[in-house]
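# Coordinate inspection notes
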Amino acid sequence: MTPAAVLSAASGVALVLLSLALLLTVLRIIRGPTLPDRVLGLDMLVAIAIGLIAVIAVRTGYYLYIDIAIALGLVGFLATVAFARFILARGLSPERMTPGATDLAQAKPSSTRSRAGQAGRRKRKGAR
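Below or above, wherever it landed, is the structure these notes cover. (Residues numbered from 1 in each chain as written. Predicted model: local features only at pLDDT ≥ 70, side-chain atom pairs only at ≥ 80, totals over all residues. Heavy atoms only, no water.)

### Brief notes about the packing of helix H1 (residues 3–31) against helix H2 (residues 35–60)
The cut-off we apply is this: Each axis is a line fitted through C-alpha atoms, and for a helix only the stretch in contact is used; angles between axes span 0 to 180 degrees, taken between their N-to-C directions. For helices the rule is a DSSP run of H or I covering at least 4 residues; for strands it is a run of E covering at least 2, with both sets numbered from the N terminus onward. Each angle receives one of four descriptions, namely roughly parallel if under 35 degrees, roughly antiparallel if over 145, roughly perpendicular if within 65 to 115, and oblique otherwise. Left-handed describes a crossing whose near helix is turned anticlockwise from the far helix through less than a right angle; right-handed describes the clockwise counterpart. Amino acid classes used here: Ala, Val, Leu, Ile, Met, Phe, Trp, Tyr, Cys and Pro are nonpolar; Asp, Glu, Lys and Arg are charged; the rest, including Gly, are polar.
Contact geometry for H1 and H2: axes closest at 9 Å, N-to-C directions at 160°. By the angle between their axes, H1 is roughly antiparallel relative to H2. For the element pair H1 and H2, the recorded crossing hand is left-handed. When the residues that make up the contact of H1 with H2 are grouped by side-chain class, the tally is 17 nonpolar, six polar and three charged.

### Some words on the packing of H2 against helix H3 (residues 64–90)
Between H2 and H3, the least distance of the axes is 9 Å, while the angle of their chain directions is 180°. Judged on the interaxial angle alone, H3 and H2 are roughly antiparallel. In terms of residue class, the contact of H2 with H3 is built from 19 nonpolar, four polar and two charged.

### Quick notes on a nonpolar patch on the surface
Cut-off, in case you're wondering: Patch construction takes residues with relative accessible area above 30% that form no salt bridge. Like charges are linked within 9 Å, and nonpolar side chains (Val, Leu, Ile, Met, Phe, Trp, Tyr) are linked within 5 Å. Each accessible area is a Shrake-Rupley result for a 1.4 Å probe, and residues are judged covered by the shown protein chains and nothing else. Within this document, salt bridges are pairs made up of a side-chain nitrogen of Lys or Arg and a carboxyl oxygen of Asp or Glu, the two lying within 4 Å of each other. Partly exposed residues are those whose accessible area sits between 20% and 50% of the maximum for their type, while under 20% is buried and over 50% is exposed, using a 1.4 Å probe and protein chains only.
Judged by side-chain polarity, Leu7, Val58, Tyr63, Ile66, Ile70 and Leu74 come together as a nonpolar surface patch covering roughly 560 Å² of accessible area. In terms of residues, the nonpolar patch owes the most to one element, H3, which gives three residues. Position of Val58 relative to the elements: it lies in helix H2. Taking relative accessible area as the criterion, Val58 reaches 34% and is therefore assigned partly exposed.

### Here's the deal with H1
Rule in force here: Under the convention used throughout, the expected extent of a helix is 1.5 Å for every residue step, that is, one less than its residue count. It only takes one pair of heavy atoms within 4.5 Å for two residues to be counted as in contact.
With 29 residues, H1 extends 42 Å from end C-alpha to end C-alpha; this agrees with the ideal 42 Å at 1.5 Å per step. In this structure, the buried side of H1 is in contact with H2.

### Digging into H2
Look at H2: 37 Å from first C-alpha to last across 26 residues, which is about the 38 Å you get at 1.5 Å a residue. All buried positions along H2 are accounted for by Val39, Gly41, Ile48, Gly51, Leu52, Val55 and Ala57. Looking one or two residues beyond H2, the residue adopting positive phi is Gly61, at roughly 80°.

Here you go:
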């Protein structure tokens, strides 16, 4: 077997596997139970797209596609960071809400102290 035949077979297998991974990732994005799952799916989608672009660049011999893949990687990284900041600014995820909580006031973690306890500490602090 010649090196060109091996390269052609390997790139064909890689395209099939990356296409399957792309479909499964899109399924995860659609069915993801939480927003962080969807953001992780989008990040994986960018990584798969970079792989597809790289395989196409090797297969066609037009290596300018590698520059496009690098640019896509930078944009994907910035998008992931932006989504992560959005999730952090949004507050608690539904997994951390107390059972039966319906609004954000009831969804505070159990480690927070009540206002009455804080007022008692202030009084003691001022009395010293």
